[in-house]
Amino acid sequence: MTSHLRVENLSKSFGSSRVLREVSFSVQPGRFLVLLGPSGSGKTTLLRCLAGIERADAGSIHLGDRLLAHGRTHLAPDRRDLAMVFQDYALWPHMSASANVGYALRRRRLAEREAHTRVDAVLDRVGLREHAAQYPHELSGGQQQRVALARALVAEPGLLLFDEPLSNLDADLRERLRVEISTLTRESGATVVYITHDQSEAFALADEIGVLEGGRLVQLGSPEDLYLRPSSPFVAQFTGLAGELTGHAAAASTDQGVSVRTGAGVVLAGSGDAVTAGTALRLLIRPAAVTLVDATELAAEAATGSLTGTVVDTAYRGRGYDHVLELPGGTQLTGVFDRLAHRRGTRVHVHLDPEGCFAFPEPHPSPLSAPAQSPEPVSTRI
Ligand code: ADP
Ligand code: MG
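Residues numbered from 1 in each chain as written. Chains lettered and ligands numbered in written order. Predicted model: local features only at pLDDT ≥ 70, side-chain atom pairs only at ≥ 80, totals over all residues. Heavy atoms only, no water.

The number of helices and strands found in the protein chain is eight helices and 22 strands. Projecting the C-alpha coordinates of the protein chain onto the three principal axes gives extents of approximately 80 × 50 × 35 Å. Expressed as a percentage of the 382 residues in the protein chain, the buried residues total 50%. A separation threshold of at least 6 residues defines the contact pool for the protein chain, and within that pool the share at least 24 residues apart is 66%. Carbon together with sulfur atoms contributes 49% to the accessible area of the protein chain, which is approximately 18300 Å² in total. A gap of 6 Å separates the mean positions of the 38 positive and 43 negative side-chain charges of the protein chain. (Helix = DSSP H or I, 4+ residues; strand = E, 2+ residues; numbered from the N terminus. Buried < 20%, exposed > 50% of the residue type's maximum accessible area, 1.4 Å probe, protein only. Contact = heavy atoms within 4.5 Å. Areas by Shrake-Rupley, 256 points an atom, 1.4 Å probe, with all protein chains shown as cover. Lys, Arg positive; Asp, Glu negative; His and termini not counted. Charge placed at Lys NZ, Arg CZ, Asp CG, Glu CD.)

So this is what it looks like as structure tokens:
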């Protein structure tokens, strides 16, 4: 049985509020898709529709050659060959760790010995061998989420669904469990759909990332695609910016991008929409595009193509320092990394790499404000 997931034109409303709008995507067997979006963008509703806990109003869901949902067809969650891990663990409080995990096998009518062997093996894999007999209230948050992960993995489902599984955990634990989810799900061979509002988590885990905005899938691609070619200011913002400037196109855009005249100087943006000279633009800047040079070291050089700013904050980050800069006109750039510390008040030259600068006409048409002219719903195979 293959676990190629195909979702077509999925829509869902609660009363008059449209929560999912014609969402289409597909995930190849064994691939890891992260759906990224702010709170309220419809992530949980989408995952619950995949799981069969929620019924979509329109659209279809296929897993392999099986139809899970379309029209009157609505397979129950336990007939979909999937397992889900929730933000709040959702363990049975009256069952031990091993009973929680074993519960997922009961329906399979495995011989008791075989079931025990599998439960022990999967608890071992998530590092909980010593805790098998303990109850959820005797376990830490991280351990409870490991039990939930083991419970999802034990029946070897074709599809694994994760709803913000790390958001209730401390930073250090979150990082470790993220690595375990990444390796264990990939070892299992299951297709994965993982939802989060945290862009660093999305980039760390995903083979492909889809961005949800107001119930619409507005971009779907590899992490590199999204980082280097965000399709809208919203996607750029949601995947990490140092800051933004406003300005005008100094000339019409070319294959190399567009020169943007801003209050802080002229900046070349490597990508964005095609524009004519004079178009009002928003210039969005990735942190990785910004490099610093001390102004005094550059005194003799004509610093063409670079801006001048003032360091307003410096924070030690282990391998170097993050800076906040203020540019002429008052715009701030945050998260500007340099191996060396530049002290508060220092004047610095700021070089901007066109690859990490995006220009969008202002105001950029939003898929929500202009539904009639919005592009076709994103439908991409991954
Ligand atoms: P996310 O997980 O991205 O935060 P949700 O899917 O939970 O988003 O919610 C999307 C929108 O749908 C929100 O505005 C939420 O209030 C609404 N919503 C979700 N579930 C229900 C429900 N059962 N009844 C009414 N509104 C709901
Ligand atoms: Mg949610």
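Moving on to the sheet that holds strand E4 (residues 58-63). Taking strand neighbours across the sheet as the criterion, the five strands line up as E2-E1-E4-E5-E6 in an open arrangement whose pairing is antiparallel. Each edge of the open sheet carries a strand with a single partner, namely strand E2 (17-27) and strand E6 (73-74). As paired strands, strand E5 (residues 66-70) and E6 are joined by two bridges and run antiparallel to one another. Across the sheet, residue His70 finds its bridge partner in E6, namely Thr73. (Pairing = 2+ DSSP bridges.)

Before going further, it helps to examine the pattern of salt bridges. Summed over the entire model, instances satisfying the criterion amount to 14 salt bridges. We note a salt bridge from Arg48 to Glu54, for which the minimum N-O separation is 3.2 Å. With relative accessibility at 29%, the residue Arg48 sits in the partly exposed group. Across the pair Asp225 and Arg229 runs a salt bridge whose closest N-O atoms are separated by 3.0 Å. Note on Asp225: relative accessible area 28%, which makes it partly exposed. (Salt bridge = Lys/Arg side-chain N within 4 Å of Asp/Glu carboxyl O.)

All right, on to the domain arrangement of the protein chain then. The domains assigned to the protein chain are domain 1 (5-228) and domain 2 (242-361). In this structure, domain 1 and domain 2 have C-alpha centres spaced 39 Å apart. (Domains from an automatic or database assignment.)

Once that is clear, we can look at the layout of surface pockets. What the largest pocket holds in volume is close to 890 Å³. Lining the largest pocket we find 24 residues, and of these Pro77, Asp78, Leu82, Ala83 and Ala104 sit closest to its centre. Listed by contribution, the elements that provide at least two residues to the lining of the largest pocket are strand E7 (82-85), helix H2 (97-106) and helix H4 (141-154). In terms of residue count, H2 provides more of the lining of the largest pocket than any other element does, four residues in total. Here the residues of the lining of the largest pocket sort into 15 nonpolar, one polar and eight charged. (1 Å grid on protein atoms, 1.4 Å probe; cavity = no way out; pocket = protein on both sides within 12 Å on 5 of 7 lines; lining within 4 Å. Points joined across faces, edges and corners; volume = space filled by probe spheres on them. Nonpolar A, V, L, I, M, F, W, Y, C, P; charged D, E, K, R; others polar.)

With that settled, consider the sheet that holds strand E9 (residues 191-196). Strand order in the open sheet formed by six strands is E7-E8-E9-E3-E10-E11, and the pairing between neighbours is mixed. Of all strands in the sheet, those with a lone pairing partner are E7 and strand E11 (216-221), marking the two edges. Taken pair by pair, the neighbouring strands of this sheet meet at an average axis angle of 20 degrees, ignoring direction. Together, E7 and strand E8 (159-163) form the strand contacts of H4, whose direction differs from that of E7 by roughly 175 degrees. Contacts from helix H5 (residues 171-188) reach strand E3 (32-36), E8 and E9 within the one sheet, and its direction differs from that of E8 by about 160 degrees. (Axes fitted to C-alpha atoms, helices over the stretch in contact; angles between N-to-C directions.)

Here we come to helix H3 (residues 112-125). Here H3 contains 14 residues, and its C-alpha end-to-end distance of 20 Å stays within 8% of the 20 Å for a straight helix at 1.5 Å per residue. Three or more residues of H3 are buried, namely Ala115, Val119, Val122 and Leu123. One face of H3 carries all of its buried residues, which in axial projection span an arc of 100 degrees. For H3, the exposed residues lying more than 90 degrees away from the buried face are Arg113 and Thr117. Close packing links the buried residues of H3 with H2 and H4. Looking one or two residues beyond H3, the residue adopting positive phi is Gly127, at roughly 75 degrees. (Expected span 1.5 Å × (residues − 1). Arc of directions from axis to C-beta.)

In this section: helix H1 (residues 43-51). Because an α-helix completes one turn every 3.6 residues, residues spaced three or four positions apart along the sequence face the same direction. Buried residues dominate H1, accounting for seven of its nine residues. Here H1 has its buried residues at Lys43, Thr45, Leu46, Leu47, Cys49, Leu50 and Ala51. Among the residues trailing H1, Gly52 stands out with phi positive, at a value near 90 degrees.

Sheet topology places strand E12 (residues 243-249) next to strand E16 (residues 280-285); six bridges connect them, and they run antiparallel. Looking at the pairing, Leu245 lines up with Leu283 of E16. Judged from the three bridges that link them, E12 and strand E13 (residues 258-262) form a sheet pairing that is antiparallel. Across the sheet, residue Gly247 finds its bridge partner in E13, namely Thr262.

Two numbers describe a pair of packed helices, the interaxial angle and the distance between the axes. Across the interface, H2 lies against H4 with an axial gap of 8 Å and an inter-helix angle of 25 degrees. Taken together, H2 and H4 sit at an angle that is classed as roughly parallel. Here H2 runs over H4; the crossing is right-handed. Note on element contacts: H4 touches H2 through Val147, Ala150, Arg151 and Val154, opposite Ala97, Asn100, Val101, Ala104 and Leu105. Here the contact of H2 with H4 is composed, by residue class, of seven nonpolar, one polar and one charged. (Parallel < 35°, antiparallel > 145°, perpendicular 65-115°, else oblique. Left-handed = near helix turned anticlockwise from the far one by under 90°.)

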